[in-house]
Amino acid sequence: MTPQHIAIVMDGNGRWATKRFLPRLAGHRQGMESLRRCIRACLDRGVAVLTVFAFSSENWNRPADEVSGLMELLASALGKEVPQLLKDGARLHFVGERAGLSDKLRKGLEQAELATAANSRLILNVCFNYGGRWDIAQAAASLAAQGRAITEVSLHQAMAMSHVPDPDLIIRTGGELRLSNFLLWQAAYAELFFSDKLWPDFDEAELDRAIAEFTRRERRYGKTSDQLAPVANGQKVA
Ligand code: FPP
């Protein structure tokens, strides 16, 4: 079965550029092309939610020109991509800390969200200035401020990703085997797929490889295999 929610750590842009003696930003620009192709592929495959990690809370520590380049890339993507996303029936959500972004960029994010708010074919979450720990902490702080009890349900509701079900499949490109502060709470039962491809080289075939691998996994949620086997007329079906 196709995963309903796919989340991706788009890693490897810098290495892609360095291998070609290009500045790292050229890799991020190529990464944008790869993201466009991936959105198209998810639309074609009937994926309901795509979540991508575009800028982490920790990415502020990168060289200043790379940080400002990524801000500009997002700002220019808003102008360029929103018309096509609108046509494709995609709804945009920006997930992350808005404080710290420029007023202009914040306004741009709000406008893009508003412009696509009536769409429902694909929900596209762009995690920007996002960290899984930030999300858990801000959810707990908001519950505490309201004097509400902290439970799994109330925390989930207060989180920045509460508008979508948890990811079924998390893909990380670039060959590293870690989550790097991405969707820490929501990853509890996600299937993980690690690809050696650098993000700009990630294509439909690699997405299909990840989906095929996902369909082979048995998701037990703490149960045994026997408990999961379908039952027909009181008898287990082989
Ligand atoms: C990680 O690769 C990638 C990022 C920090 C940025 C991801 C951005 C894009 C894919 C472009 C789309 C952007 C927006 C704003 C929507 P890396 O730079 O850490 O690569 P490396 O590990 O090879 O150095």
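Conventions we followed
Residues numbered from 1 in each chain as written. Predicted model: local features only at pLDDT ≥ 70, side-chain atom pairs only at ≥ 80, totals over all residues. Heavy atoms only, no water. Helix = DSSP H or I, 4+ residues; strand = E, 2+ residues; numbered from the N terminus. Rg over C-alpha atoms; globule rule 2.2 N^0.38 Å. Contact = heavy atoms within 4.5 Å. Areas by Shrake-Rupley, 256 points an atom, 1.4 Å probe, with all protein chains shown as cover. Lys, Arg positive; Asp, Glu negative; His and termini not counted. Charge placed at Lys NZ, Arg CZ, Asp CG, Glu CD. Buried < 20%, exposed > 50% of the residue type's maximum accessible area, 1.4 Å probe, protein only. Pairing = 2+ DSSP bridges. Polar contact = N/O pair within 3.5 Å; in protein donor to acceptor, adjacent residues only side chain to side chain. Near = heavy atom within 4 Å. Core = buried A, V, L, I, M, F, W, Y, C linked by side-chain atoms within 4.5 Å.

Enquirer: When you look at the overall build of the chain in this model, what are you seeing that I'm missing?
Expert: Scanning the chain from terminus to terminus reveals 8 helices and 8 strands. Its C-alpha radius of gyration of 19 Å places the chain within 12% of the 18 Å reference for a compact globule of 238 residues. By its C-alpha atoms, the chain is 65 × 50 × 35 Å across when sized along the principal axes. Considering only intrachain contacts with a sequence separation of at least 6, the fraction spanning at least 24 residues in the chain is 72%. Just so you have it, the chain exposes about 12,400 Å², and 53% of that area is on carbon and sulfur atoms. Placing the 30 positive and 28 negative side-chain charges of the chain at their respective mean positions leaves the two points 1 Å apart.

Enquirer: Explain the pairing of strand S1 (residues 5-9) here, please?
Expert: Within a regular strand, side chains alternate between the sheet's two faces. For S1, a buried count of 5 out of 5 residues is recorded, marking the element as mostly surrounded by other parts of the structure. Both faces of S1 are covered, namely the face carrying His5, Ala7 and Val9 and the face carrying Ile6 and Ile8. By the bridge criterion, 5 bridges tie S1 to strand S2 (residues 49-56) in an arrangement that is parallel. Bridging across to S2, His5 finds its partner in Val49. Pairing of S1 with strand S5 (residues 169-172) involves 4 bridges; the strand directions are parallel. Paired with Ile6 across the two strands is Leu169, which belongs to S5.

Enquirer: Would you take a moment to explain the side chain of Asn119 for this structure?
Expert: Its place among the elements puts Asn119 in the loop between helix H4 (103-115) and strand S4 (122-130). Within the structure, Asn119 has its side chain in polar contact with the backbone oxygen of Leu86 (distance 3.4 Å). Sequence-distant contacts of Asn119, that is, excluding residues within four places in its chain, are made with Leu85, Leu86, Gly89, Ala90 and Arg91.

Enquirer: Mind showing me how you'd approach the site of the ligand here?
Expert: Neighbouring the ligand are 18 residues; Asp11, Gly14, Arg15, Arg24 and Arg62 lie closest to it. Within the contact set of the ligand, an oxygen atom lies 3.0 Å away from a side-chain nitrogen or oxygen of Asp11. Arg24 has a polar side-chain atom sitting 2.9 Å from an oxygen atom of the ligand. When the ligand sits alone it has 620 Å² of accessible area, and the protein chains cover 91% of it.

Enquirer: Help me understand the nonpolar core, please; the structure alone is not making it clear to me.
Expert: General note: in soluble globular proteins, nonpolar side chains tend to be found buried as a group. Ranked by internal contacts, the top residues of the largest apolar core, which has 43 residues, are Ile6, Ile8, Leu50 and Ile171. When residues in this core are grouped by element, the largest group, 9 residues, is from helix H3 (residues 64-88). The contact partners of Ile6, leaving out residues within four places of it in the chain, are Val47, Val49, Leu50, Thr51, Leu169, Ile171, Leu207 and Ile211.

Enquirer: Could you clarify how one ought to interpret the side chain of Glu206 in this entry?
Expert: The topology assignment puts Glu206 in helix H7 (residues 204-216). The class of Glu206 is buried, set by a relative accessible area of 7%. The contact partners of Glu206, leaving out residues within four places of it in the chain, are Phe193, Ser195 and Lys197.

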